[in-house]
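Residue strings, one per chain:
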Amino acid sequence: MANVNNKKAEKVREDDYIYLSSMVRTRENRRISYDALMRMADAKDQSDMLKMLPEYSVEPIYSENGSFDAEETVNHYLAEEFKVIIKSMPQPRILDFLRVSYDCHNLKTVIKGMARGSEDFEDLLIDLGTVPADKVCDAVKRHELDIFPKNMANAFLKAESAFAKSGDPKLIDSILDEACYADMLETVDSYNKEYFRRLVEIKIDTTNILTAVRTMRMRDTTGLFASMFIRGGSLERKFFEKAMLSGEEALFAALAAKGYGVGKTDDDKLSLTVLAKNCEDMYMKYVDSAKSVTFGAEICVAYLIKASYALKMLRMIAASKQTGVSPAKIKESIGKF
């Protein structure tokens, strides 16, 4: 697809990434792996699980009452990972397509928090976006939105207005999500790398797949889906709407023919939880295709995506251990990466 900015894409020179690729490969040996997560899932309780974290260079952070602060631990560790890679990255803006999702999270959090009159929502901001977390609130209050990625800045007032009229937070999510994906696409189209664009396309396509199935189960095959559909993926809206008319089985068959075999299940009926995991597994499988690259920016991007996924799973395991979920049940949610 053509560059959305109608500018010549910046060339990514693999030779510029020889040192960084080697550094990242070394760091990969210390990160939380699939096998490590399985070990954590088998831990007797959360306390035993937390004792494993320093083995993978993750230092648990505790709140004032002494309980494990999973969010702070994950966000701090991931911020350090991004900082190390960005510092040595010849073209650090490449990573903006990963970072804008945190800008999106922060904007959503601020709109909803301010609408509720809440005072503690600033603690929920994540300092991984292109805009530092400590600048987000003031920028929003002053409507100085030009510091945010272009499409999200343009969508902000629309999202704020839609929420004020309806009180439905889902409108904020859908409006800003689409803008976020548009910003991601603009970033990847600034570089002549199919790997980056395909990562974003798969995310958009799988998001639309989940939306299609959810709306079908709500007995809505067109109206709601059309309003929530995110543009920019490889699967067009008319493809979904045509397949959806014939039911779920037909939709999954049509998706499989397009290379999206996410309708597999061992149960009688595919749950949304299993479908979401199948979509995540497909995405992570494509992320892992960077293994075939000897050196290049793809290795750095794949490393950060895998680190983010591993930490997401760590957070899930910690919460599950706290509530007594069985190891077998926890493992069902962990995809290979």
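Everything quoted here is computed from the prediction, not taken from an experiment.

Conventions used here
- Residues numbered from 1 in each chain as written.
- Predicted model: local features only at pLDDT ≥ 70, side-chain atom pairs only at ≥ 80, totals over all residues.
- Heavy atoms only, no water.
- Axes fitted to C-alpha atoms, helices over the stretch in contact; angles between N-to-C directions.
- Helix = DSSP H or I, 4+ residues; strand = E, 2+ residues; numbered from the N terminus.
- Parallel < 35°, antiparallel > 145°, perpendicular 65-115°, else oblique.
- Contact = heavy atoms within 4.5 Å.
- Nonpolar A, V, L, I, M, F, W, Y, C, P; charged D, E, K, R; others polar.
- Phe/Tyr/Trp six-rings, centres within 6.5 Å; stacked < 30°, edge-to-face > 60°.
- Buried < 20%, exposed > 50% of the residue type's maximum accessible area, 1.4 Å probe, protein only.
- 1 Å grid on protein atoms, 1.4 Å probe; cavity = no way out; pocket = protein on both sides within 12 Å on 5 of 7 lines; lining within 4 Å.
- Points joined across faces, edges and corners; volume = space filled by probe spheres on them.
- Core = buried A, V, L, I, M, F, W, Y, C linked by side-chain atoms within 4.5 Å.
- pLDDT = per-residue confidence, 0-100.
- Salt bridge = Lys/Arg side-chain N within 4 Å of Asp/Glu carboxyl O.

This brings us to the packing of helix H9 (residues 194–217) against helix H14 (residues 297–323). Their axes nearest at 10 Å, the elements H9 and H14 cross at an angle of 25 degrees. Taken together, the axes of H9 and H14 lie roughly parallel to each other. Contact residues: H9 offers Tyr-195, Phe-196 and Leu-199, while H14 offers Ala-297, Glu-298, Val-301, Ala-302 and Ile-305. Partitioned by chemical class, the residues of the contact of H9 with H14 number seven nonpolar, no polar and one charged.

Glancing now at the packing of aromatic side chains. When we look at a pair of aromatic rings, we describe it by the centre distance and by the angle of the planes. This model, assessed by the stated rule, comprises nine aromatic pairs. A ring pair is formed by Tyr-195 and Tyr-286, whose centres lie 5.4 Å apart and whose planes are at 25 degrees; its orientation type is stacked. Of the two residues, Tyr-195 is situated in helix H9 and Tyr-286 in helix H13 (residues 272–287); the sequence distance between them amounts to 91 residues. Relative accessible area serves as the criterion here: at 7%, Tyr-195 is assigned to the buried category. Joined through ring pairs, the aromatic side chains of Phe-97, Tyr-195, Phe-196 and Tyr-286 make up one cluster.

What follows is about empty space enclosed by the protein. All told, the structure shown has one cavity of 30 Å³ or more when counted by the stated rule. Here the residues of the lining of the largest cavity sort into five nonpolar, no polar and one charged.

The next subject is the nonpolar core. Ranked by size, the top nonpolar core spans 117 residues in total, and within it Ile-32, Phe-240 and Val-301 carry the most contacts. Sort the elements by how many residues they give to this core and H14 lands first, with 16 residues. Dropping the residues within four chain positions of it, Ile-32 is found in contact with Leu-37, Met-40, Tyr-56, Val-58, Ala-310, Leu-311, Leu-314 and Phe-337.

Per-residue pLDDT for the protein chain has a mean of 89; in total, 96% of the residues score no lower than 70. pLDDT under 50 marks residues 1–6. Its contacts with residues more than four places away, or in other chains, come to eleven contacts.

We now examine the layout of surface pockets. In this structure, the second largest pocket spans a volume of roughly 340 Å³. Residues of the lining of the second largest pocket, tallied by class, amount to five nonpolar, two polar and six charged.

Moving on, we get to the pattern of salt bridges. If you walk through the whole model with that rule in mind, you get 28 salt bridges. Across the pair Arg-197 and Glu-201 runs a salt bridge whose closest N-O atoms are separated by 3.1 Å. With Arg-197 and Glu-201 both in helix H9 and four residues apart, this pair spans about one turn of that helix. Here Arg-197 falls in the buried class, since its relative accessible area comes to 4%. The network of salt bridges with shared partners includes Asp-189, Arg-197, Arg-198, Glu-201 and Asp-205.

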